[in-house]
Amino acid sequence: MSFQISVHTHIYDIMKRLDVKILVCIALFAFLSIGCKAENSGSLGLESKVKTTKKAPKPTATQPKTLNSQQLQVIEVKSDKMGRNISNLVVLPEAYFEDSTSSFSVIYLLHGYSDDYMAWQNHVDLTKHANKYGFIFVCPDGQDSWYFDSPIDPTFQFETYITQELRNYIESNYRTINDRKHRAITGLSMGGHGALWLAWRHPDIYGMCGSMSGGVDITTIKDRYKIDKRLGKYAANDAVWKSYSVINLVPTLKPENDQFIIIDDGTSDIFIKDNRALHAALKERKIKHDYRERPGRHSWDYWVKSLEQHLISFHNRIFMIKMGDC
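The text that follows walks through the structure, step by step, so that each part is easy to find. Note that the coordinates shown come from a computational prediction; the quantities given were computed from them, not determined experimentally. (Residues numbered from 1 in each chain as written. Predicted model: local features only at pLDDT ≥ 70, side-chain atom pairs only at ≥ 80, totals over all residues. Heavy atoms only, no water.)

1. As for unusual backbone geometry
Phi is positive for S114, which is not a glycine, with a value near 75 degrees. Looking at the secondary structure, you find S114 in the loop between strand 4 (105-110) and helix 4 (119-123). Its identity is not glycine, yet Q143 carries a phi of approximately 50 degrees, on the positive side. By secondary structure assignment, the location of Q143 is in the loop between strand 5 (135-140) and helix 6 (158-173). (Helix = DSSP H or I, 4+ residues; strand = E, 2+ residues; numbered from the N terminus.)

Structural data, given as C-alpha cells:
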C-alpha cells in the first residue's frame, strides 16, 4: 500500500513540474507576441502611415477623392497639351460648406524639386490656414518641371497647364472669385522660381505672387535638378537657359501692372546671393516689392514660417482692395 502511494506521489510531482514548464512556455510565448505587436505598431505601422499620407491615392478624373475630411480633395485634371492627367490637392475652408452663396480667393501653392502635390500638406496643416484666411489652396503636382513649358519635351508643359488648364477646371468646379485681385501664386525653391515665372509672364491672371527661397537664376545651377532635361545641356543652350531664368524677366515688368510681390530667403540659404541680385534688379527697375531676409536655411522649418508671412500679406492686400485702398 505504501509503495502504491509513493508511486502516485512521484507521478504527481512529475506532472506538476511539467505543468509549470508548460505554463512558463505559454506565458513566454504570449509575452513575445505582445512585444512583436508593439514593435510593429511603433515602427512598421508608422512607416506605413507616412507612406499613405505622402502619396495620395489617385481619384477618377470626374470625382474628387477626399482625404480625412471634405476640406481636402485630390483631383486629377487632364492636360490636353501634355496628353496626360495631373494630380492636384485642393484645400477648402470650412466656410465653403457653411455658406453656399460665397465665393473665395484662390492661392496656388507650388512645391519644390523632387516633391509632389502633397508636399505642403505633409508639412503644414493647410486646412487651418484655409479656415483662418478664407482661402482656397490649389497645390498642383509640378513634378520636376520648373513650371515652364519645356521647349524640348512635349510632356512637360506646366506653364500652360497651371495658367490655363488647371485654372479653368478650378474656376468651373469651385466657387472662386475669378479676377486677378483675388488670385495669388507662391511657392518654395523650384516653386518660388515657378510662381514668379508664371505671375510675371501672366500679370493679367495673378495680382499677387511670392517666392520663398526661390531658385530665381537657374544659370547658377547648371545641369542640375533636371533642368537640362527640360532645356537641354547648358553649354549648348546657354541663351535658352538665360531666357527661362526668372531674374531675366525683370526688364519686362511694368510698374503699372500693380502686382503685389513678396520675396524672402534665409540668410544661410543656397540661393541667397541670387535672391539679393533679384532684389537689386527690381529696385533698379523701380518695381514695388516686399523683400525680406531672415535667419534660416533651405529647409521646411524656414518655409513653414515663411508661408504664414505670405498668407498674411495676401490677406492684407485683399482686405485693402475691399476697402478701396488698392
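And the narrative resumes.
2. A few points about the environment of V106
With respect to the helices and strands, V106 occurs in strand 4. Look at V106 and you get buried, because its relative accessible area is 4%. For the pair V106 and H182, spaced 76 residues apart in the sequence, the C-alpha separation amounts to 6.5 Å. Non-local contacts of V106, meaning those with residues more than four positions away in its chain, are made with I136, V138, T176, H182, R183 and A184. (Buried < 20%, exposed > 50% of the residue type's maximum accessible area, 1.4 Å probe, protein only. Contact = heavy atoms within 4.5 Å.)

3. Digging into the pairing of strand 7 (residues 208-212)
Taking burial as the measure, the 5 residues of strand 7 include 5 buried ones, the bulk of the element. Here strand 7 shows two buried faces, one formed by M208, G210 and M212 and the other by C209 and S211. Here strand 6 (residues 183-187) runs beside strand 7; their pairing, made up of 2 bridges, is parallel. Counted as the bridge partner of A184 is M208 from strand 7. (Pairing = 2+ DSSP bridges.)

4. Here's the deal with a nonpolar patch on the surface
Taken together, F319, M320 and M323 make up a surface patch of nonpolar side chains, about 320 Å² in accessible area. Turning to its location among the elements, F319 is positioned in helix 11 (residues 300-323). (Patch = residues over 30% accessible without salt bridge, like charges linked within 9 Å, V, L, I, M, F, W, Y side chains within 5 Å. Areas by Shrake-Rupley, 256 points an atom, 1.4 Å probe, with all protein chains shown as cover. Salt bridge = Lys/Arg side-chain N within 4 Å of Asp/Glu carboxyl O.)

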